[in-house]
Amino acid sequence: MSTRTIVPFGPQHPVLPEPIHLDLVLEDEKVVDAVPKIGYIHRGLEKLVEKRDFNDYVYVIERTCGICSFMHGMGYVEAVERIFDAEIPDRAKYLRTIWAEMSRIHSHLLWLGLLADGFGFEALFYQCWRMRERVLDMFEESTGGRVIFSVNKIGGVLKDMPADMLARFVNNFNEMEKELRELTNVFLTDFSVETRLRGVGILTRDEAIDLGAAGPMMRASDIAIDTRKLGYAAYEDIDFDIITSKDCDSYARCEVRIGEIFQSIDIIRQAVSKIPDTEISIQIKGNPNGEAFARMEQPRGEAIYYVRGNGTKFLERARVRTPTFTNLTPMLKTLKGADLADVPLLVLTIDPCISCTER
Amino acid sequence: MAKVAKSPWLLHYDGSSCNGCDIEVLACLTPVYDVERFGVINTGNPKHADILLITGGINSQNKPVVEQLYSQMPSPKVVVAVGICACNGGVFKECYNILGGVDKVLPVDIYVPGCAARPNAIIDGVVKAVALLEEKRAKMDSEGGNNK
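Residues numbered from 1 in each chain as written. Chains lettered and ligands numbered in written order. Predicted model: local features only at pLDDT ≥ 70, side-chain atom pairs only at ≥ 80, totals over all residues. Heavy atoms only, no water.

Q: How would you sum up the state of the cysteines? Please name residues and give values.
A: Two cysteines whose sulfur atoms are joined by a covalent bond form what is called a disulfide. Residues and elements named next belong to chain B. Evaluated as defined, the whole model comprises zero disulfides over all chains. Free cysteine: Cys 85, not disulfide-bonded; nearest cysteine sulfur from Cys 115 at 5.8 Å. The class of Cys 115 is partly exposed, set by a relative accessible area of 35%. (Disulfide = S-S within 2.5 Å. Buried < 20%, exposed > 50% of the residue type's maximum accessible area, 1.4 Å probe, protein only.)

Q: Account for the pairing of strand β2 (residues 21-27) of chain A, naming residues and giving values.
A: Residues and elements named next belong to chain A. Counting buried positions along β2 yields six of seven residues, so the element is predominantly enclosed. In the sheet, strand β1 (residues 4-9) pairs with β2 via six bridges, with the strands oriented antiparallel. Looking at β2, one finds that Val 7 is bridged to Leu 24. Pairing analysis gives seven bridges linking β2 to strand β3 (residues 30-37), with the strands arranged antiparallel. From the neighbouring strand, Asp 23 faces β3, where its bridge partner is Val 35. Between β2 and β3, which pair antiparallel one after the other, the connecting turn spans two residues, and Asp 28 there sits at a positive phi close to 55 degrees. (Helix = DSSP H or I, 4+ residues; strand = E, 2+ residues; numbered from the N terminus. Pairing = 2+ DSSP bridges.)

Q: Tell me about the packing of aromatic side chains, residues and numbers included.
A: Residue and element names in this part refer to chain A. In the structure shown here, the tally under the stated rule is 11 aromatic pairs over all chains. Ring centres 6.0 Å apart and planes at 40 degrees place the aromatic pair Phe 54 and Phe 84 in the tilted group. Of the two residues, Phe 54 is situated in the loop between β3 and α1 (57-61) and Phe 84 in helix α2 (residues 69-84); the sequence distance between them amounts to 30 residues. Judged by its relative accessible area of 6%, Phe 54 falls in the buried class. Considering the side-chain rings of Phe 139 and Phe 149, the 4.6 Å spacing of their centres and the 35 degrees angle between planes classify their relative orientation as tilted. One end of the pair, Phe 139, is in helix α4 (residues 122-143); the other, Phe 149, is in the loop between α4 and β4 (152-153), with 10 residues separating them in the sequence. One aromatic cluster is present, formed by Phe 70, Trp 99, Phe 139 and Phe 149 through successive ring pairs. A cation over a ring is seen here: Lys 229 above Phe 240, with NZ or CZ 4.2 Å from the ring centre. (Phe/Tyr/Trp six-rings, centres within 6.5 Å; stacked < 30°, edge-to-face > 60°. Lys NZ or Arg CZ within 6 Å of the ring centre and 35° of its normal.)

Q: Describe the nonpolar core, listing the residues and the values that go with them.
A: Residue and element names in this part refer to chain A. Counting residues in each nonpolar core, the largest one holds 174 residues, and the members touching the most others are Tyr 76, Met 102 and Phe 187. No other element matches helix α3 (residues 90-118), which puts 15 residues into this core. Not counting residues up to four positions away in its chain, the partners in contact with Tyr 76 are Phe 54, Tyr 57, Val 58, Ile 61, Ile 154, Tyr 305, Val 307 and Leu 315. (Core = buried A, V, L, I, M, F, W, Y, C linked by side-chain atoms within 4.5 Å. Contact = heavy atoms within 4.5 Å.)

Q: Which residues make up α2 of chain A, and what values do they have?
A: Residues and elements named next belong to chain A. Spanning 16 residues, α2 covers 23 Å between terminal C-alpha atoms, matching the ideal 22 Å at 1.5 Å per step. With 14 of 16 residues buried, α2 is to be regarded as a mostly interior element. Phi turns positive one or two residues past the end of α2, at Asp 85, with a value near 60 degrees. (Expected span 1.5 Å × (residues − 1).)

Q: I'd like to hear about the sheet that holds strand β1 (residues 9-14) of chain B, residue by residue, with values.
A: Sheets are built from strands that pair by backbone hydrogen bonding, the pairs being arranged parallel or antiparallel. Residue and element names in this part refer to chain B. Taken together, the five strands give an open sheet; going across it, the order is β2-β1-β3-β4-β5, and neighbouring strands pair in parallel fashion. Two strands in the sheet have a free side with no partner beyond their single neighbour: β2 (41-43) and β5 (110-112). Going from strand to strand, the sheet's axes swing by 30 degrees on average, the running direction of each strand aside. Pairing analysis gives five bridges linking β1 to strand β3 (residues 51-55), with the strands arranged parallel. By the bridge assignment for β3, Tyr 13 is matched with Ile 54. Against the sheet, helix α2 (residues 63-72) contacts β1, β3 and β4 (78-82), and its axis sits at roughly 170 degrees relative to β1. Helix α4 (residues 119-142) rests against β1, β3, β4 and β5 of the sheet, and its axis sits at about 175 degrees to β5. (Axes fitted to C-alpha atoms, helices over the stretch in contact; angles between N-to-C directions.)

Q: Account for the interface of chain A and chain B, naming residues and giving values.
A: Counting residues at the interface gives 41 residues for chain A and 38 residues for chain B. Carbon and sulfur atoms make up 60% of the area that chain A and chain B hide from each other, which totals about 3200 Å². The interface formed by chain A and chain B includes three salt bridges. Between Glu 94 of chain B and Arg 52 of chain A there is a salt bridge, with its nearest N and O atoms 3.1 Å apart. Seen at the junction of chain A and chain B, the total is 18 residue pairs in polar contact (both at pLDDT 80 or more). Counting residues per element, the ones that place at least two in the side of chain A that touches chain B are α3 and α4 of chain A. The dominant element in the side of chain A that touches chain B, judged by the number of residues it contributes, is α4 of chain A, at seven residues. Counted by class, the side of chain A that touches chain B contains 20 nonpolar, nine polar and 12 charged residues. (Buried area = accessible area lost by both parts, 1.4 Å probe. Salt bridge = Lys/Arg side-chain N within 4 Å of Asp/Glu carboxyl O. Polar contact = N/O pair within 3.5 Å; in protein donor to acceptor, adjacent residues only side chain to side chain. Nonpolar A, V, L, I, M, F, W, Y, C, P; charged D, E, K, R; others polar.)

Q: Requested: an account of the side chain of Gln 12 of chain A, with residues and values cited.
A: The residue Gln 12 of chain A is located in the loop between β1 and β2 in this model. Of note is the side chain of Gln 12 of chain A, whose polar atom sits 2.9 Å from the backbone oxygen of Gly 44 of chain B.

Q: Describe the sheet that holds strand β7 (residues 301-310) of chain A, listing the residues and the values that go with them.
A: Residues and elements named next belong to chain A. Read across the sheet, three strands follow the order β6-β7-β8 without closing on themselves; strand pairing throughout is antiparallel. The open sheet terminates on both sides in strands that have one partner only, identified here as β6 (289-298) and β8 (315-321). Adjacent strand axes in the sheet meet at a mean angle of 10 degrees when their direction is disregarded. Sheet analysis places β7 next to β8, joined by six bridges and oriented antiparallel. By the bridge assignment, Tyr 306 is partnered in β8 with Arg 319. Across the sheet, helix α10 (residues 323-335) touches β6, β7 and β8, and the angle it forms with β7 is around 135 degrees.

Honestly, that's just the spatial picture; any functional story needs more than this.
Below, the structure written as structure tokens:
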């Protein structure tokens, strides 16, 4: 047996946009164990619920993470709306669905870019991020913000999208779809890319269940669970299949996420064709008293929101369980037995969002 | 050293932010905004870097990391605080774990406000940082060379 060496990875590392620390235990070039240390981005955001009233807290919880910011806001407001037993207008539900799916497209494109950067394909990274900017332009036009846009409020949404804008967006996505096919084919068919992804980071179906994988990480291990099927927002009116893969490796994770980009475009098309013409918000009076859960399918997997009110304007507790946190243990599993040179890639395949994890 | 303003190398670190600003920093490097036209190159090595971009209000665990990165950078160096959290703590100012701004830990030269800071603003900050870098270098020269 060769001697063991411990190599620190992070918190500051070129491949990581966010800090996380891993102690990699190596035997020669093989990783035999990985010990994570988190907490570099812990802000104590959940505690802030005691200092901000429940309406203002929407702006805090949206800043849990800058990538799936919209969905964090959406999860929280849905949970609070459940305490009030409020039925929000249909148009607001559809608008939320459209923005959520746009967020998924932008998040998956961002991830594909980072993955390309991770395996050293710089041109592909730039192409993915160029496409992503077109989604951000649409965000900016419809909400005013590029990454954090605060359009959720308790009882609906703050901004409406007029019919001509929606039609134009669908048109944009139709155009993007053609370009995206070309772009994503590189990930799926390029020989060098395949050698980096195929058979790397295997997480079997049983391991995924035991370790509690979430989102695309889980679906790439052939488990068909998608929280959108629970029918929050307008998803119950929308027809879509859960995308899974049987390969259980990094290639499968890439394949699932690429499939979800096109699926999201299709969901946006359906939502725009069905969107009803109603109000976009209702007024909610009083303070929340009671507790409620909301579950949501984020780009990275299932997120759970819990809120408890005590009849005052300050909530007693707000809690988020984020997908990256549950995906950390499967990630450590895939690291064991991997080559040291594959570690950055494997860390990226779970689509880590450390800000969400640590809050 | 005289050519440093022509190609400043940039180090980016997430000092406890929500990563909204971090993806905007990355967006600056990609084709639409493309800071490479100013000669700016993103590096992962603090010893190669001239400009340190920090996002977020810094928590207690991150403080030694940030100090470490700063001390490893060669002089002259410029610190740019990106986003309102890095400027003064922003929305997280009252959080128990947040020190409240990069300037509580490091001497900050340039503040780029915004939540999240827009790429245009970040580029403006970097361009100002380059000018300041040149100024600092000239000062070092007049004080007896850059051997410090």
